[in-house]
Amino acid sequence: MRLGVLASGTGTILEALLAADLDAGRGAGSGAGPAADLDVALVLVDRPCRALDVAEAAGVTAVLVPRASFGADFDRVAYSKDVATVLLDHDVDLVAIAGFGTVLDATFFDHFRSPVLNTHPSLLPAFKGWHAVDEALAAGVKLTGCTVHIATADVDAGPILAQEAVPVLSGDDAAALHERIKTVERRLYPETIARFARGELP
Ligand code: GRF
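Residues numbered from 1 in each chain as written. Predicted model: local features only at pLDDT ≥ 70, side-chain atom pairs only at ≥ 80, totals over all residues. Heavy atoms only, no water.

Looking now at the confidence of the model for the protein chain. For the protein chain, the mean per-residue pLDDT works out to 91, and 91% of the residues sit at or above 70. Here residues 21–36 is a poorly scored stretch, pLDDT under 50, and it has 35 contacts once near neighbours within four places are set aside; other chains count. (pLDDT = per-residue confidence, 0-100. Contact = heavy atoms within 4.5 Å.)

Structure (C-alpha coordinates):
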(Lines give C-alpha, C1' and ligand atoms only; values in the text may rest on other atoms or scores of the structure.)
Protein backbone atom coordinates (compact mmCIF):
# COMPACT_ATOMS: atom_id res chain seq x y z
CA MET A 1 0.00 0.00 0.00
CA ARG A 2 1.13 3.54 -0.67
CA LEU A 3 1.30 5.17 2.75
CA GLY A 4 0.83 8.87 3.30
CA VAL A 5 2.02 10.28 6.63
CA LEU A 6 0.55 13.49 8.08
CA ALA A 7 2.80 15.32 10.58
CA SER A 8 3.33 18.75 12.12
CA GLY A 9 5.96 18.38 14.78
CA THR A 10 9.33 16.92 15.54
CA GLY A 11 8.64 13.91 13.35
CA THR A 12 10.08 11.22 15.60
CA ILE A 13 7.11 8.96 14.94
CA LEU A 14 7.66 9.59 11.23
CA GLU A 15 11.30 8.58 11.68
CA ALA A 16 10.12 5.31 13.22
CA LEU A 17 7.79 4.69 10.28
CA LEU A 18 10.67 5.30 7.89
CA ALA A 19 13.10 3.13 9.83
CA ALA A 20 11.00 0.26 11.11
CA ASP A 21 11.67 -3.20 9.86
CA LEU A 22 8.09 -4.25 9.45
CA ASP A 23 9.04 -7.90 9.03
CA ALA A 24 9.68 -7.79 12.77
CA GLY A 25 6.00 -8.53 13.39
CA ARG A 26 6.49 -11.86 11.62
CA GLY A 27 9.64 -12.60 13.58
CA ALA A 28 12.05 -11.98 10.73
CA GLY A 29 13.72 -8.76 11.79
CA SER A 30 15.06 -6.72 14.66
CA GLY A 31 12.61 -3.87 14.34
CA ALA A 32 15.40 -1.45 13.50
CA GLY A 33 16.18 -2.12 9.86
CA PRO A 34 14.90 -0.46 6.71
CA ALA A 35 11.17 -0.37 6.03
CA ALA A 36 10.14 -3.65 4.53
CA ASP A 37 6.39 -3.71 4.18
CA LEU A 38 5.40 -0.06 4.17
CA ASP A 39 5.94 2.19 1.22
CA VAL A 40 5.98 5.72 2.61
CA ALA A 41 4.95 7.45 -0.60
CA LEU A 42 4.25 10.92 0.76
CA VAL A 43 4.71 13.04 3.86
CA LEU A 44 2.28 15.92 4.18
CA VAL A 45 2.80 18.68 6.74
CA ASP A 46 0.61 21.64 7.63
CA ARG A 47 3.44 23.99 8.66
CA PRO A 48 7.22 24.22 8.40
CA CYS A 49 8.49 21.72 10.99
CA ARG A 50 11.22 19.19 11.71
CA ALA A 51 9.03 16.44 10.23
CA LEU A 52 9.38 18.15 6.85
CA ASP A 53 13.18 18.07 7.20
CA VAL A 54 13.04 14.38 8.18
CA ALA A 55 11.04 13.54 5.08
CA GLU A 56 13.30 15.52 2.78
CA ALA A 57 16.44 14.02 4.31
CA ALA A 58 14.99 10.55 3.72
CA GLY A 59 14.29 11.39 0.09
CA VAL A 60 10.55 10.93 0.52
CA THR A 61 8.16 13.17 -1.40
CA ALA A 62 7.19 15.90 1.04
CA VAL A 63 4.39 18.39 0.57
CA LEU A 64 3.68 21.43 2.71
CA VAL A 65 -0.01 22.31 2.65
CA PRO A 66 0.18 25.50 4.69
CA ARG A 67 -2.72 26.66 6.80
CA ALA A 68 -3.75 30.14 5.81
CA SER A 69 -4.73 30.84 9.40
CA PHE A 70 -4.46 29.45 12.92
CA GLY A 71 -7.27 31.71 14.08
CA ALA A 72 -11.05 31.63 14.17
CA ASP A 73 -11.23 32.43 10.46
CA PHE A 74 -9.49 29.17 9.50
CA ASP A 75 -11.45 27.53 6.67
CA ARG A 76 -11.33 23.95 7.96
CA VAL A 77 -13.64 22.60 5.24
CA ALA A 78 -11.52 23.93 2.38
CA TYR A 79 -8.31 22.85 4.08
CA SER A 80 -9.62 19.33 4.72
CA LYS A 81 -10.58 19.02 1.06
CA ASP A 82 -7.13 20.29 -0.03
CA VAL A 83 -5.36 17.66 2.08
CA ALA A 84 -7.53 14.87 0.64
CA THR A 85 -6.82 16.11 -2.89
CA VAL A 86 -3.04 16.06 -2.38
CA LEU A 87 -3.19 12.51 -1.00
CA LEU A 88 -5.34 11.33 -3.90
CA ASP A 89 -3.09 13.08 -6.43
CA HIS A 90 -0.18 11.00 -5.05
CA ASP A 91 -2.15 7.73 -5.19
CA VAL A 92 -2.00 7.30 -1.43
CA ASP A 93 -4.26 4.47 -0.29
CA LEU A 94 -3.47 4.36 3.45
CA VAL A 95 -2.84 7.32 5.74
CA ALA A 96 -0.96 7.37 9.04
CA ILE A 97 -1.47 10.47 11.16
CA ALA A 98 1.71 11.02 13.17
CA GLY A 99 1.29 14.14 15.26
CA PHE A 100 -0.70 16.27 12.80
CA GLY A 101 -1.77 19.52 14.43
CA THR A 102 -4.86 20.21 12.33
CA VAL A 103 -8.18 18.49 12.96
CA LEU A 104 -9.57 17.41 9.58
CA ASP A 105 -13.32 17.51 9.38
CA ALA A 106 -15.86 15.24 7.67
CA THR A 107 -15.03 16.80 4.29
CA PHE A 108 -11.67 15.04 4.42
CA PHE A 109 -13.21 11.64 5.08
CA ASP A 110 -15.84 12.24 2.38
CA HIS A 111 -13.13 12.83 -0.23
CA PHE A 112 -10.42 10.45 0.94
CA ARG A 113 -12.21 7.10 1.21
CA SER A 114 -9.24 4.84 2.05
CA PRO A 115 -8.29 3.95 5.64
CA VAL A 116 -6.77 6.56 7.94
CA LEU A 117 -4.93 5.47 11.10
CA ASN A 118 -3.82 7.57 14.04
CA THR A 119 -1.59 7.13 17.08
CA HIS A 120 -2.65 8.93 20.24
CA PRO A 121 -0.67 9.36 23.48
CA SER A 122 -3.27 8.03 25.93
CA LEU A 123 -5.34 4.94 26.52
CA LEU A 124 -8.43 6.03 24.62
CA PRO A 125 -11.22 6.75 25.31
CA ALA A 126 -9.43 8.53 28.18
CA PHE A 127 -7.85 11.91 27.44
CA LYS A 128 -8.85 12.65 23.87
CA GLY A 129 -7.43 15.71 22.15
CA TRP A 130 -4.16 17.56 21.77
CA HIS A 131 -3.37 17.84 25.53
CA ALA A 132 -3.68 14.17 26.41
CA VAL A 133 -0.40 13.88 28.30
CA ASP A 134 -0.94 17.04 30.37
CA GLU A 135 -4.47 15.95 31.21
CA ALA A 136 -3.36 12.47 32.28
CA LEU A 137 -0.81 14.04 34.62
CA ALA A 138 -3.35 16.53 35.98
CA ALA A 139 -5.84 13.70 36.61
CA GLY A 140 -3.25 11.84 38.67
CA VAL A 141 -3.66 8.53 36.83
CA LYS A 142 -1.01 5.92 37.60
CA LEU A 143 -1.26 4.31 34.19
CA THR A 144 -1.59 5.87 30.76
CA GLY A 145 -0.22 4.76 27.39
CA CYS A 146 -0.93 4.97 23.70
CA THR A 147 -3.60 3.90 21.26
CA VAL A 148 -3.51 3.16 17.56
CA HIS A 149 -6.95 3.51 16.04
CA ILE A 150 -8.83 4.12 12.85
CA ALA A 151 -9.35 7.87 12.49
CA THR A 152 -12.83 9.14 11.75
CA ALA A 153 -14.44 12.57 11.68
CA ASP A 154 -15.18 11.99 15.36
CA VAL A 155 -11.77 12.97 16.80
CA ASP A 156 -9.90 10.21 18.71
CA ALA A 157 -13.02 8.05 18.75
CA GLY A 158 -12.60 5.56 15.89
CA PRO A 159 -12.20 1.79 16.32
CA ILE A 160 -9.18 0.81 18.42
CA LEU A 161 -6.56 -1.41 16.76
CA ALA A 162 -3.86 -1.60 19.45
CA GLN A 163 -3.07 -0.19 22.88
CA GLU A 164 -0.18 -0.40 25.27
CA ALA A 165 0.08 0.87 28.82
CA VAL A 166 2.83 3.15 30.16
CA PRO A 167 3.13 3.80 33.92
CA VAL A 168 3.19 7.36 35.24
CA LEU A 169 6.26 7.66 37.48
CA SER A 170 6.61 9.94 40.48
CA GLY A 171 8.36 13.11 39.39
CA ASP A 172 7.16 12.81 35.81
CA ASP A 173 6.57 16.04 33.95
CA ALA A 174 4.73 16.13 30.63
CA ALA A 175 7.91 16.01 28.57
CA ALA A 176 9.32 12.97 30.37
CA LEU A 177 6.03 11.07 30.32
CA HIS A 178 5.37 11.92 26.67
CA GLU A 179 8.83 10.74 25.67
CA ARG A 180 8.27 7.36 27.39
CA ILE A 181 4.91 7.06 25.63
CA LYS A 182 6.49 7.96 22.29
CA THR A 183 9.13 5.28 22.80
CA VAL A 184 6.26 2.77 22.78
CA GLU A 185 4.49 4.49 19.87
CA ARG A 186 7.62 4.25 17.73
CA ARG A 187 7.39 0.47 17.97
CA LEU A 188 3.64 -0.10 18.22
CA TYR A 189 2.56 2.21 15.38
CA PRO A 190 4.73 0.74 12.58
CA GLU A 191 3.87 -2.78 13.75
CA THR A 192 0.16 -2.04 13.80
CA ILE A 193 0.16 -0.27 10.42
CA ALA A 194 1.95 -3.26 8.90
CA ARG A 195 -0.53 -5.71 10.43
CA PHE A 196 -3.41 -3.55 9.17
CA ALA A 197 -1.91 -3.34 5.67
CA ARG A 198 -1.55 -7.13 5.64
CA GLY A 199 -5.23 -7.47 6.46
CA GLU A 200 -4.60 -8.93 9.91
CA LEU A 201 -6.66 -6.29 11.70
CA PRO A 202 -10.24 -5.20 11.02
C1 GRF B 1 2.84 11.50 19.32
O2 GRF B 1 2.81 11.31 20.72
C3 GRF B 1 1.49 11.31 18.72
O4 GRF B 1 0.74 10.30 19.35
C5 GRF B 1 0.88 12.65 18.98
O6 GRF B 1 1.90 13.55 18.63
C7 GRF B 1 3.15 12.95 18.95
C8 GRF B 1 4.03 13.09 17.74
O9 GRF B 1 5.38 13.01 18.11
N10 GRF B 1 -0.35 12.84 18.27
P11 GRF B 1 6.56 13.43 17.12
O12 GRF B 1 6.32 14.85 16.66
O13 GRF B 1 6.55 12.47 15.96
O14 GRF B 1 7.79 13.28 17.95
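What follows continues from the structure just given.
This part takes up the layout of surface pockets. In this structure, the largest pocket encloses a volume near 860 Å³. Residue lining of the largest pocket: 39 residues in total, with Gly99, Phe100, Gly101, Thr119 and Trp130 positioned closest to the centre. Secondary-structure elements contributing two or more residues to the lining of the largest pocket are α1 (12–19), β5 (116–120), α5 (132–139) and α6 (174–197). With five residues, α6 is the single largest residue contributor to the lining of the largest pocket. Classifying every residue of the lining of the largest pocket by side-chain character gives 17 nonpolar, 16 polar and six charged. (1 Å grid on protein atoms, 1.4 Å probe; cavity = no way out; pocket = protein on both sides within 12 Å on 5 of 7 lines; lining within 4 Å. Points joined across faces, edges and corners; volume = space filled by probe spheres on them. Helix = DSSP H or I, 4+ residues; strand = E, 2+ residues; numbered from the N terminus. Nonpolar A, V, L, I, M, F, W, Y, C, P; charged D, E, K, R; others polar.)

Before going further, it helps to spend a moment on the sheet that holds strand β7 (residues 160–167). Sheet strands pair via backbone hydrogen bonds, and the direction of the pair is either parallel or antiparallel. Strand order in the open sheet formed by seven strands is β3-β2-β1-β4-β5-β6-β7, and the pairing between neighbours is mixed. Unpaired on one side and paired on the other, β3 (62–64) and β7 mark the two borders of the sheet. With direction set aside, neighbouring strand axes in the sheet form an average angle of 20°. Pairing of β5 with strand β6 (residues 143–150), which is carried by four bridges, proceeds in the antiparallel orientation. The partner of leucine 117 across the bridge, within β6, is isoleucine 150. Relative to the sheet, α1 contacts β1 (2–7), β2 (39–45), β4 (94–97) and β5, its axis offset from that of β2 by approximately 165°. (Pairing = 2+ DSSP bridges. Axes fitted to C-alpha atoms, helices over the stretch in contact; angles between N-to-C directions.)

Formed by 35 residues in total, the largest nonpolar core has its most connected members in Leu3, Val5, Leu14, Val43, Leu117, Tyr189 and Ile193. At the level of elements, β1, α1, β2, α2 (50–57), β4, β6, β7 and α6 are the ones that each hand at least two residues to this core. Top element by residues in this core is α6. It accounts for seven residues. For tyrosine 189, the contacting residues outside a window of four places in its chain are Ile13, Leu17, Ala96, Ile97, Ala98, Leu117, Asn118, Thr119 and Val148. Counting 21 residues, the second-largest nonpolar core is a separate cluster that includes Leu44, Val63, Val83 and Ala84. (Core = buried A, V, L, I, M, F, W, Y, C linked by side-chain atoms within 4.5 Å. Buried < 20%, exposed > 50% of the residue type's maximum accessible area, 1.4 Å probe, protein only.)

A word on the pairing of β1. In terms of residue burial, β1 counts as a mostly covered element, since five of its six residues are buried. Across six bridges, the pairing between β1 and β2 is parallel. Across the sheet, the residue bridging to valine 5 is valine 43, located in β2. Pairing between β1 and β4: four bridges, direction parallel. Looking at the pairing, valine 5 lines up with alanine 96 of β4.

With that settled, consider the site of the ligand. All residues in the neighbourhood of the ligand are listed as Gly9, Thr10, Gly11, Thr12, Ile13, Gly99, Thr119, His120, Pro121, His178, Lys182 and Glu185. Threonine 119 has a polar backbone atom sitting 3.0 Å from an oxygen atom of the ligand. Here the ligand, which alone exposes 370 Å², has 91% of that area covered by the protein. With respect to the detected pockets, the ligand is housed in the largest pocket. Going through the elements one at a time, α1, β5 and α6 are the ones with two or more residues in the shell around the ligand. Here the element with the most residues in the shell around the ligand is α6; it accounts for three residues. (Near = heavy atom within 4 Å. Polar contact = N/O pair within 3.5 Å; in protein donor to acceptor, adjacent residues only side chain to side chain. Areas by Shrake-Rupley, 256 points an atom, 1.4 Å probe, with all protein chains shown as cover. Sits in = over half its atoms within 2 Å of the grid points.)

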